[in-house]
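Structural characterization, general
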Amino acid sequence: MAVITMSQPRNILITGASSGIGAALAVELARRGDRLWLGARRVDKLDGIVAAITAAGGVATAVSMDVSDAAACARAVMAIDDAHPLDVVVANAGVGGRGLRVFDIDIEDAAEVVATNFTGAMATILPVLPRMKSRGRGHIVGVSSMAADLSQPAAPVYGATKAAFTFFLDSIAPDLAKAGIATTIVHPGFVKSEMTDRNQFDMPFIVDTATAARDIADAIDGKRSWLRFPWPIRLSMALATWLPRNWRAALVDKTTKLR
Ligand SMILES: NC(=O)c1ccc[n+]([C@@H]2O[C@H](COP(=O)([O-])OP(=O)(O)OC[C@H]3O[C@@H](n4cnc5c(N)ncnc54)[C@H](OP(=O)(O)O)[C@@H]3O)[C@@H](O)[C@H]2O)c1
């Protein structure tokens, strides 16, 4: 007799789900049958995404969350986990800041980028780890950036926060694996979103959010350790890391020159 195994829907929290990559990933994972908790500050936007998912037969709940308030973020994550033990946590919330070059960096802007992209990401992940450890399973997904792969004079603070987040995830992955918790580090190239709509330069190999969401959902389903996409920019970045620093900076400057 054939044995049919039905996979259980996973409980998944996605931060930064009110727009862009996070919203598209929510729609994609709901379409694949998972139960979603969607966190962000703009609850009206979250409500619209929840309504679209529900209308399509999916299951999603909006959660008001500001990840830059670490204590409040941790409380919100634990409240979800208390009622619905989380199988997957996707730390996706992020801000680009004002993208200022070194002599113009404003420390308050820089502090907000750090509080969201790095401290906020840790505040999203850390509260669930002891719980996942005691359950002997779980999956942490960090949406970092290809900006972490290459120093860039045009976005030193943003790149530094993403490099810090990637370094953190890569550092904790071995201990998490021993506890049965998978880790996926995501380095997107350019994806069309509210964040990149502000960019005043041409973005090579830019992809839409639905394409990004499918790639990320596939990586989550496959419990891949790393995902870098799309491949042409991945290859370009890998080659650029071999260049001397000044050449690399000149190349990055040329690529991100204002339109
Ligand atoms: N687009 C790209 O080319 C690209 C490339 C590499 C990496 N990424 C990364 O992908 C992630 C998603 O970015 P995106 O491109 O989709 O941009 P986006 O459309 O601007 O989305 C950013 C999301 O983060 C949320 N967010 C920002 N600050 C938050 C806070 N303090 N608390 C909770 N949520 C917060 C926003 O929601 P609220 O404003 O409603 O809070 C929004 O849902 C970011 O981490 C970004 O760095 C993007």
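None of the values given here were measured: they were computed from a predicted structure. (Residues numbered from 1 in each chain as written. Predicted model: local features only at pLDDT ≥ 70, side-chain atom pairs only at ≥ 80, totals over all residues. Heavy atoms only, no water.)

Low pLDDT marks stretches whose predicted atomic positions should not be read closely. Averaged over every residue, the pLDDT of the chain is 93; the share at 70 or more is 97%. Counted against residues more than four places away or in other chains, residues 1–6, with its pLDDT under 50, gives zero contacts. (pLDDT = per-residue confidence, 0-100. Contact = heavy atoms within 4.5 Å.)

Next up on the list: a nonpolar patch on the surface. On the surface, a cluster of nonpolar side chains totalling about 360 Å² of accessible area is made up of Val102, Phe103 and Ile105. Tracing the sequence through the fold places Phe103 in the loop between strand 4 (88–91) and helix 4 (107–125). Overall, Phe103 belongs to the exposed group, its relative accessible area being 80%. (Patch = residues over 30% accessible without salt bridge, like charges linked within 9 Å, V, L, I, M, F, W, Y side chains within 5 Å. Areas by Shrake-Rupley, 256 points an atom, 1.4 Å probe, with all protein chains shown as cover. Salt bridge = Lys/Arg side-chain N within 4 Å of Asp/Glu carboxyl O. Helix = DSSP H or I, 4+ residues; strand = E, 2+ residues; numbered from the N terminus. Buried < 20%, exposed > 50% of the residue type's maximum accessible area, 1.4 Å probe, protein only.)

Relative to the elements of secondary structure, Asn92 occurs in the loop between strand 4 and helix 4. Leaving out residues up to four positions away in the same chain, Asn92 has contacts with Ile14, Thr15, Gly16, Ile21, Gly22 and Val143.

A few words on the nonpolar core. In terms of nonpolar packing, the biggest core is built from 33 residues, with Ile14, Leu25, Leu38 and Val90 touching the most fellow members. When residues of this core are assigned to their parent elements, the largest contribution, seven residues, is made by helix 1 (residues 20–31). Setting aside anything within four residues of it in sequence, one finds Leu25 in contact with Ile14, Val90, Ala213, Ile216, Ala217 and Ile220. Grouped together as the second largest cluster of nonpolar side chains are 29 residues, Leu86, Ala91, Leu129 and Phe165 included. (Core = buried A, V, L, I, M, F, W, Y, C linked by side-chain atoms within 4.5 Å.)

Time to look at the side chain of Arg248. Tracing the backbone shows Arg248 in helix 10 (residues 245–255). The buried category is assigned to Arg248, whose relative accessible area is 16%. If sequence neighbours within four positions are ignored, Arg248 has contacts with Leu150, Ser151, Ala240, Thr241 and Leu243.

For the rest of this paragraph, the subject is the pattern of salt bridges. Per the stated rule, a full pass over the model turns up 15 salt bridges. Between Asp34 and Arg10 there is a salt bridge whose closest N-O contact spans 2.8 Å. With Asp34 in the loop between helix 1 and strand 2 (35–40) and Arg10 in the segment before strand 1 (11–15), this pair connects stretches of sequence that are 24 residues apart. Residue class for Asp34 comes out buried when judged on its relative accessible area of 5%. Linking Asp82 and Arg131 is a salt bridge whose minimum nitrogen-to-oxygen distance equals 2.9 Å. Here the residue Asp82 occupies a position in helix 3 (residues 70–83), and Arg131 occupies one in helix 5 (residues 129–135), the gap between them amounting to 49 residues. Judged by its relative accessible area of 55%, Asp82 falls in the exposed class. One salt-bridge network, held together by shared partners, links Arg10, Glu28, Arg31, Arg32, Asp34, Asp218 and Asp221.

All right, on to the sheet that holds strand 5 (residues 138–143) then. Across the sheet, seven strands lie side by side as 3-2-1-4-5-6-7; this open sheet has parallel pairing. For this open sheet the edge positions go to strand 3 (59–64) and strand 7 (226–229), each flanked by a neighbour on one side alone. Neighbour-to-neighbour, the strand axes of the sheet open up by a mean angle of 15°, direction not taken into account. As paired elements, strand 2 and strand 3 share six bridges and run parallel to each other. Pairing of Ala40 across the sheet is with Ser64, part of strand 3. The strands that helix 1 touches are strand 1, strand 2, strand 4 and strand 6 (181–188); relative to strand 1, the one it contacts most, it runs at about 165°. (Pairing = 2+ DSSP bridges. Axes fitted to C-alpha atoms, helices over the stretch in contact; angles between N-to-C directions.)

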